Structures are given as structure tokens and as C-alpha cells.
Amino acid sequence: MKKIILAIAVAIAVGTLATGCTIVDTGEVGLRVNFDKTIEAEERVAGSFNQTVIGKILTFPVKDVTVDVQNLTPLAADNSTMKDFDISVIYNITPSSVSDLYINKSRSFHTVDDSGDIYLMHAYIYQTARNAVYKTARKYEALNMNDNRAQIEQEIQEIMAATLNAEKLNGIVISQVRVGSMMPSDAVKASADNLVRAKNEEKTKEVEVQIAKKEAERIAALNANAGAISYMQAQAQMKIAEGIAEGKVQTVVIPYDFKGMVNVTAK
């Protein structure tokens, strides 16, 4: 009988352990919430087993958390408003900072997704990134932003890091900033297209002028050498006459103004 009771007790204990235990996943950190709603300051590391028969374990992703900041319309250096500006920010949280960030910072700084996962400082990072975009974009003209993509990413990251440092949020590290779409306004794009078209037309006209100039120079050269050409023709005719006189040319010479045989009667 004692053996049966012991077996039942063991089975209950095993069942309780299986159903009343939470394992913290890789890339996450856990915090225990006691039955009285108080939160323990000690972080529960990845892989740890934590009983949840009494109280519960909150888990927080801390590795390579992504924040997408989209549909921004910052002002460029040329005072035009960008049609679209999108970035993605990847940040990490030091595991030992989880307790302080969750307990001592405003809950509005965090984001809870549809599945109930809590992303520490996600909303704060979003706003920080947004501010950094508006500050950085002001340094570049709208049409030059795409040519300076890498530099813009670096500047946004540096501004965000400086903001975190000023707020003494050393437990948050911005690991990467990736700029997506950077589209100038339709008016700026249309002006740029018109400018390119005008430049192309100007180049075409320059080529036409050069061609006309060359042709004018050719005609002028011919006109300047008109006397020389007449002299060469006279010299050629004289040579032909000399050849005929000496009997060296068996050719009938027809004068250049010959108009044919007129009124000639056959005998």
C-alpha cells in the first residue's frame, strides 16, 4: 500500500514538474513574477528550468531584435519633403540589464506582440530611430540620399548610440541600421527629369553647332582655294595641248563649250 501511495506521489510530482515548469529559450532572458505580483530582480538565463506552479516566468527576447521604422517623410537639405523613407534597426539587450529595464523603465517603452511576447525598449528604439532619421536627412539633398546610403546608415546609428549613452541606457546596443526606401517627392523627381532632358537637348544642339561649324570651315577653305583650282585646270589643259602637238596623245579634244555639230552638210 505504501509503495502504491509513493508511486502516486512520484507520478504527481513528475506531472507537476512537467506541466508547472518553464524553460527559458535561447536568445531570451526570464524574470519571475511571484504570486503577489512582485517581480524578482534576478534574471533567469536561457536554458534554465523555472517552476510556475506558483507565480509565472516572463520571457524577453534580447538578441537581434528588429525594429522597422517605415513611411517617414523627413525634410531634406533642399527643403523638399521625402515621399518615403524606411529603415530597419537591429538591437541587442545585455541579459543583466533586463530586470532594470523592465522594472524601472516606463512600460510604454516596451512592445507586446499578438502572441504575448514582450520586446524590451522596442517602442523607445522606434522613436529614437525616427528622430535620428529626421536629423540625418536634413544634411542631404533629396536626390543625393541614395548615393550616400552607407554614410546615412552610419550617421543614424551614431545618433542613436549617442542618445542611448546620454540616457545611460548602456544595456542596449544598436548593432545595425539598414536603410530601405528613400524616395524623393514627385515634384523633385519631375524637376530632375526635366533638368536631365534639358541637358541632353543642350548637348544635341552643341553637336549640331559643331557640325555646322566644320561644314562652314570646309566651304570657306574651298572658296579660298578657288583660284588655285582654276590654275590647276588651266595647267591640265595646257599639258593636254602640248601632248597633242607632239603627237603623244591620240585623243580627240572637244572644247569645254562645245555644243555639238550644227548645220553641217554631208558631202
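Quantities reported herein were computed from a predicted structural model and do not represent experimental measurements.

1. Regarding the overall build of the protein chain
Okay, so step 1: A tally of helices and strands in the protein chain yields 6 helices and 9 strands.
Okay, so step 2: Of all 267 residues assigned to the protein chain, the portion counted as buried reaches 29%.
Okay, so step 3: Per element, the accessible surface of the protein chain, about 17,900 Å² overall, is 57% carbon and sulfur.

2. Regarding the nonpolar core
Soluble globular proteins tend to pack their nonpolar side chains together in the buried interior.
Okay, so step 1: Judged by nonpolar contacts, the single largest core of 44 residues is most densely connected at F85, I87, V89, I125, M145, I156 and M160.
Okay, so step 2: Of all the secondary-structure elements, those providing two or more residues to this core are β2 (28–33), β4 (56–61), β5 (65–72), β6 (84–93), α2 (98–104), α3 (122–137), α4 (149–166) and β9 (172–183).
Okay, so step 3: Tallying contributions element by element places α3 first for this core, with 6 residues.
Okay, so step 4: Excluding residues that lie within four positions of it along the chain, F85 makes contacts with V69, Q70, N71, L72, P74, V133, M145, I152, V179, S181 and M182.

3. Concerning the sheet that holds β6
Okay, so step 1: Pairing is antiparallel across the open sheet formed by 3 strands, whose spatial order is β5-β6-β9. A strand with exactly one partner marks an edge of an open sheet, and here the two such strands are β5 and β9. Recorded for the sheet is a direction-independent mean angle of 15° between the axes of neighbouring strands.
Okay, so step 2: Bridge count between β6 and β9: 9 bridges; the pairing is antiparallel. Along β9, the bridge assignment pairs N92 with V173.
Okay, so step 3: Against the sheet, α3 makes contact with β5, β6 and β9, and its axis sits at roughly 45° relative to β5, the strand it touches most.
Okay, so step 4: Against the sheet, α4 contacts β6 and β9, and its axis sits at roughly 140° relative to β9.

4. A few points about the packing of aromatic side chains
Okay, so step 1: In total, this model carries 2 aromatic pairs according to the counting rule given.
Okay, so step 2: A centroid spacing of 4.9 Å and a plane angle of 55° characterise the contact between F60 and Y102, whose relative ring orientation is tilted. Here the residue F60 occupies a position in strand β4, and Y102 occupies one in helix α2, the gap between them amounting to 42 residues.
Okay, so step 3: Residue Y102 is classed as buried on the basis of its relative accessible area of 8%.
Okay, so step 4: Considering the side-chain rings of F109 and Y124, the 5.1 Å spacing of their centres and the 55° angle between planes classify their relative orientation as tilted. Of this pair, F109 sits in the loop between α2 and β7 (111–112) while Y124 sits in helix α3; the two residues are 15 residues apart in sequence, bridging distant segments of the chain.

Parameters at a glance
Residues numbered from 1 in each chain as written. Predicted model: local features only at pLDDT ≥ 70, side-chain atom pairs only at ≥ 80, totals over all residues. Heavy atoms only, no water. Helix = DSSP H or I, 4+ residues; strand = E, 2+ residues; numbered from the N terminus. Buried < 20%, exposed > 50% of the residue type's maximum accessible area, 1.4 Å probe, protein only. Areas by Shrake-Rupley, 256 points an atom, 1.4 Å probe, with all protein chains shown as cover. Core = buried A, V, L, I, M, F, W, Y, C linked by side-chain atoms within 4.5 Å. Contact = heavy atoms within 4.5 Å. Pairing = 2+ DSSP bridges. Axes fitted to C-alpha atoms, helices over the stretch in contact; angles between N-to-C directions. Phe/Tyr/Trp six-rings, centres within 6.5 Å; stacked < 30°, edge-to-face > 60°.

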